Amino acid sequence: MRLYLVSPTHYLPDGRLVKSVRYWTSGVTLPYLKALTPPGHEVTLCDELMTGQDVDLGRDCDLVGLTAMGPQIARAFDLADAFRARGRRVVLGGPWVSLDPDSAAAHADAVVVGDAEGVWGRLLRDAAVGRLRARYAGPPADLATAPAIDYADLRLFDSAAYAR
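Bear in mind the structure is a predicted one, so any value in this text is a computation, not a measurement.

Conventions we followed
Residues numbered from 1 in each chain as written. Predicted model: local features only at pLDDT ≥ 70, side-chain atom pairs only at ≥ 80, totals over all residues. Heavy atoms only, no water. Helix = DSSP H or I, 4+ residues; strand = E, 2+ residues; numbered from the N terminus. Rg over C-alpha atoms; globule rule 2.2 N^0.38 Å. Contact = heavy atoms within 4.5 Å. Areas by Shrake-Rupley, 256 points an atom, 1.4 Å probe, with all protein chains shown as cover. Lys, Arg positive; Asp, Glu negative; His and termini not counted. Charge placed at Lys NZ, Arg CZ, Asp CG, Glu CD. Core = buried A, V, L, I, M, F, W, Y, C linked by side-chain atoms within 4.5 Å. Buried < 20%, exposed > 50% of the residue type's maximum accessible area, 1.4 Å probe, protein only. Pairing = 2+ DSSP bridges. Right-handed = clockwise from strand over helix to strand, strands pointing away. Phe/Tyr/Trp six-rings, centres within 6.5 Å; stacked < 30°, edge-to-face > 60°. Lys NZ or Arg CZ within 6 Å of the ring centre and 35° of its normal. Arc of directions from axis to C-beta. Axes fitted to C-alpha atoms, helices over the stretch in contact; angles between N-to-C directions.

Some points on the overall build of the protein
No. 1: Secondary structure summary: the protein contains six helices and six strands in total.
No. 2: Its helices and strands in sequence order give the protein the pattern β-α-β-β-α-β-α-α-β-α-β-α, from N to C terminus.
No. 3: The C-alpha atoms of the protein give a radius of gyration of 15 Å, which matches the 15 Å a tight globule of 164 residues would have.
No. 4: For the protein, the C-alpha atoms occupy an extent of roughly 45 × 35 × 30 Å along the three principal directions.
No. 5: Long-range contacts, defined here as pairs at least 24 residues apart, represent 70% of the contacts in the protein between residues at least 6 apart.
No. 6: Accessible surface, the protein: about 8400 Å² in total, of which carbon and sulfur atoms supply 54%.
No. 7: Charged side chains of the protein number 18 positive and 20 negative; the gap between the two group centres comes to 3 Å.

Here it is in structure tokens:
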């Protein structure tokens, strides 16, 4: 399967998207999910907060995964709706989704409550056979047994922006 994993940015009061050349907190969820993805899947990550990384709504993929904290949830819901309108299956997760999975379920084919690391493999197997469950409940992640991540996936700053 082709997976597109997105960490959305958030909106300013005037509706513009927040963009930054430097990430203010290191989100490791997407790199961990990529590391947990079995061989044979193609994984593309997008951290929309970063300057130069824009979400590709036309991306040819089999499954879109979106993670969202509080400020990101409106943008995550908008992106989820846009992907679904284009026929893409969408999974929503993250802290905000775990706090209010029922509202998130209106925007997704599946939601993950809790840590995705413990249910990611099962979710991918279900998606591969067209049987996504509406809700997956992930146990607390055990970082002692977590796989190594590719630190190149953690774009903490946009080097091109600094070159200008």
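Side note on the nonpolar core
No. 1: If you look at the biggest cluster of nonpolar residues, it comprises 20 residues, and the most contacted ones within it are Tyr4, Val6, Val55, Val64, Leu66, Val90 and Leu92.
No. 2: A per-element tally of this core places helix α2 (residues 73-85) first, with six residues.
No. 3: Those residues in contact with valine 6 that sit more than four places away from it in its chain are Leu30, Cys46, Val55, Gly65, Leu66, Thr67 and Leu79.
No. 4: Counting 17 residues, the second largest nonpolar core, distinct from the first, contains Leu3, Ala110, Ala127 and Tyr136.

Remarks on the pairing of strand β6 (residues 135-138)
No. 1: Side-chain alternation along β6 places Tyr136 and Gly138 on a buried face and Arg135 and Ala137 on a face that remains uncovered.
No. 2: Here strand β5 (residues 110-114) pairs with β6 via four bridges, running parallel. Bridge pairing links glycine 114 to glycine 138 in β6.
No. 3: This β-α-β element, β5 to helix α5 (residues 120-128) to β6, shows left-handed connectivity.

Details of the packing of aromatic side chains
Any two aromatic rings considered together are summarised by their centre-to-centre distance and by the angle between their planes.
No. 1: In the structure shown here, the tally under the stated rule is one aromatic pair.
No. 2: With 6.0 Å between their ring centres and 80 degrees between their planes, tyrosine 4 and phenylalanine 83 make a pair best called edge-to-face. Placement of the pair is tyrosine 4 in strand β1 (residues 2-7) and phenylalanine 83 in helix α2, with a sequence separation of 79 residues.
No. 3: By relative accessible area, which is 0% here, phenylalanine 83 ends up buried.
No. 4: Note that arginine 59 overlies the ring of tyrosine 4, its terminal NZ or CZ placed 4.7 Å from the centroid.

Thoughts on α5
An α-helix turns once per 3.6 residues; consequently, residues spaced three or four apart project the same way.
No. 1: Considered for burial, the residues of α5 that qualify are Trp120, Leu123, Leu124, Asp126 and Ala127. Down the axis of α5, the smallest arc covering the buried residues is 160 degrees, so these residues share one side. Facing away from the buried side of α5 by over 90 degrees, the exposed positions are Arg125 and Ala128.
No. 2: Of the surrounding secondary structure, the elements contacted by the buried residues of α5 are β1, α1 (29-36), β3 (63-67), β4 (89-93), β5 and β6.
No. 3: Looking one or two residues past α5, glycine 130 carries a phi angle of roughly 75 degrees, positive in sign.

Quick word on the sheet that holds β4
No. 1: Ordered in space as β2-β1-β3-β4-β5-β6, the six strands form an open sheet in which the pairing is parallel. In this open sheet, the two edge strands, each paired with only one partner strand, are β2 (42-47) and β6. Geometrically, the sheet is characterised by an average inter-axis angle of 20 degrees between neighbouring strands, direction not taken into account.
No. 2: When β1 meets β2, the two strands line up parallel, connected through six bridges. Bridge assignment links leucine 5 to a residue of β2, and that residue is leucine 45.

A look at the pairing of β5
No. 1: Two elements, β4 and β5, share two bridges in a ladder whose sense is parallel. Looking at the pairing, leucine 92 lines up with valine 111 of β5.

A word on α1
No. 1: What α1 keeps buried is the set Leu30, Pro31, Tyr32 and Leu33.
No. 2: Among the structural elements, β1, β2, β3 and α5 are those in contact with the buried residues of α1.

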